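Fold and contact review
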Amino acid sequence: MTARTSSPPKREPAAAGFLRAVGAVAWKDLAAEFRSRELFTAMLVFSLLVILIFNFALELDIKTRESVTAGVLWVTFAFAGTLGLNRSMSIEKDQGSMDGLLLAPVDRSAIYFGKVISNLTFMLIVEAIVLPVYSFLYNVNLLRPGLLLILLLGSIGYIVVGTLLAAMAVQSRTRDVMLPILLFPVVIPVLIAAVKASSGFLTGDDPASILPWLNLLVVYDVIFTSIAFMVFDYVVEE
Amino acid sequence: MHSLHRMPTVSEAPMIQVTKLVKRFGTKTVLNGLDLEVRKGEFVALLGPNGAGKTTFLRVLASLSHPSLGEVRVAGHPLPQQAAAVRARLGVVSHMPLLYGDLTAEENLRFYGRLYGIPRLAERIDEVLGMIGLDSRRRDLVRTFSRGMQQRLAIGRAVLHDPDVMLFDEPHTGLDQDASAMLDTVLRSVAALGRTVLMTSHDLVRAEALASRFDVLSRGVIVASATPRQLRSSNLLAFYKRSLAD
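Given the structure is predicted, the values throughout are model-derived calculations rather than measurements.

The next point concerns the sheet that holds strand β5 (residues 77-79) of chain B. The strands that make up a sheet pair up through hydrogen bonds in the backbone, lying either parallel or antiparallel. Residue and element names in this part refer to chain B. On the basis of which strands lie adjacent, the open sheet formed by 4 strands has the order β2-β1-β4-β5 and antiparallel pairing. The sheet terminates laterally at β2 (28-39) and β5, the two strands that pair on one side only. Averaged over all adjacent pairs, the angle separating strand axes in this sheet is 25 degrees, with direction ignored. In this structure, strand β1 (residues 14-25) lies alongside strand β4 (residues 69-74), joined through 5 bridges in antiparallel fashion. Paired with Q17 across the bridge in β4 is R73.

What follows is the structure, encoded as structure tokens:
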């Protein structure tokens, strides 16, 4: 066995090291998930079952369909997202690999942002599959740029908070029930804003009436991303 | 390059310096004024019964847990103030392998290598996989590995960034005799490069074969310390039992 005797490498800028660590964590999660498909399959199957059940439970006329679509979609994505968030953190905890991440000489918020990127990717992939299925079942056109923007902003807000709270909940013995209990009260603003804005786009409301909800989503995303950046280190600290 | 056969040299410089360390969890005091000094190049076996505080102590040294009171310095850096600097010079192997079963051996090392910002990573991964004898299994998923192979890969992960200080928390847990013997070979090669090693263990036979000093931890404090030379006529088991009885 040999030790490395070459001259010490040049110190890279802090921002470059941070981004490298974010990329490493996101790559690791995506590579492991695309191989096992445990988390993604659970989220997708759950989402498809929920919209199928709603389809049979609500026998709606065309007008009513458009008004309930936003609510059905966001309820589906919120619950499916919880499954993914729980699994994403419990993998680290069960295998003890959270310690491996925390032992790295990087800012711990890099771990958080890496997790956010992977969780958001899974959620967006599930949404990309569910939307056409929903359109087919409910005969509603969901491929509208405004609605897609709301889905992106709402998903970011949901995942930003959810990843932080999942890191907190995973340390409790009742983590499976703890995450929804912690998460849903905090994401109420993002869910309300997302449902209102999505509904506005689907029913063809005046853009001026949608704009405040859109602004709320942007502000929520910025505020909670900043809070998570500041507190993640304390959340994972023993 | 260092040779495999190079003998470790012990220098006077302390790589681990702990003074009056107290660690409390609520009202429970796990470490109760612990003092310890480990010099560069030493291989110290930390022995003690279950609940003595060995794992808690290693977690404090690894910056995974904050000390309640006292002073802790690793590689000259105080904890918790310079935790990132400590982590850059530290390799940790616990009884959990800290690996991802759905990644291959090579992917696991590549992930940790990126996290640590290791230059010429591919070359370093080749070197480490050769050292731990897993080169032929580099493209296999870690979940298909035996416990012994996972533990060797865990050591590979821990030495990837060439740390100065290594912490081993009961690395032989769950290994059969052959796997333990192979792990010992890897541990010796890790120590032979002059690294400072602190290993907790319940296995006195293995500790005796590997370490250059034995410290006994009981009720949160070091109650006895001896080198193989000081033990002389006594064996480690007798020393251990006597230390706990005092």
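Resuming the write-up.
In this section: the interface of chain B and chain A. Contact with chain B, which involves 31 residues of that partner, is made by 28 residues of chain A. Breaking the side of chain B that touches chain A down by element, the ones donating at least two residues are α2 (83-88), α3 (105-116) and α4 (121-131) of chain B. In terms of residues, the side of chain B that touches chain A owes the most to one element, α3 of chain B, which gives 5 residues.

Formed by 146 residues in total, the largest nonpolar core has its most connected members in L217 of chain A together with I16, L61, V74, L167 and V197 of chain B. Two domains share this core, each providing at least three of its residues, namely domain 1 (14-89 + 163-245) and domain 2 (100-162) of chain B. The contacts of I16 of chain B, once residues within four sequence positions are left out, are L36, E37, V38, L61, V74, V165, T196 and L198 of chain B.

What follows concerns the domain arrangement of chain B. Residues and elements named next belong to chain B. If you check the domain split of chain B, you get domain 1 (14-89 + 163-245) and domain 2 (100-162). Summarising the inter-unit geometry, the C-alpha centres of domain 1 and domain 2 are found 25 Å apart. Taken together, the 11 residues of domain 1 in the interface contact 11 residues of domain 2. The greatest single-element share of the side of domain 1 that touches domain 2, amounting to 6 residues, is contributed by helix α6 (residues 177-192).

Further remarks concern the pairing of strand β6 (residues 90-93) of chain B. All names here are of chain B. In β6, alternate side chains face the same way, and those of L90 and V92 on one face and G91 and V93 on the other are all buried. For β6 and strand β7 (residues 165-169), the ladder comprises 4 bridges, and the chain directions are parallel. Bridged to L90 within β7 is V165.

Turning our attention to the sheet that holds strand β9 (residues 213-218) of chain B. Residues and elements named next belong to chain B. Reading across the sheet, the 6 strands line up as β6-β7-β8-β3-β9-β10 and stay open at both edges, with mixed pairing between neighbours. Every other strand in the sheet has two partners, leaving β6 and β10 (221-226) as the edge strands with one partner each. The average undirected angle you get between the axes of adjacent strands in this sheet is 20 degrees. Bridge count for strand β3 (residues 43-47) against strand β8 (residues 196-201) is 5 bridges, and the pairing is parallel. Bridged to V44 within β8 is L198. Relative to the sheet, helix α9 (residues 236-245) contacts β3, β9 and β10, its axis offset from that of β9 by approximately 30 degrees.

Rules of the game
- Residues numbered from 1 in each chain as written.
- Chains lettered and ligands numbered in written order.
- Predicted model: local features only at pLDDT ≥ 70, side-chain atom pairs only at ≥ 80, totals over all residues.
- Pairing = 2+ DSSP bridges.
- Helix = DSSP H or I, 4+ residues; strand = E, 2+ residues; numbered from the N terminus.
- Axes fitted to C-alpha atoms, helices over the stretch in contact; angles between N-to-C directions.
- Contact = placed C-beta atoms within 7 Å.
- Core = buried A, V, L, I, M, F, W, Y, C linked by C-beta atoms within 7 Å.
- Buried ≥ 20, exposed ≤ 12 C-beta atoms within 10 Å, placed from the backbone.
- Domains from an automatic or database assignment.

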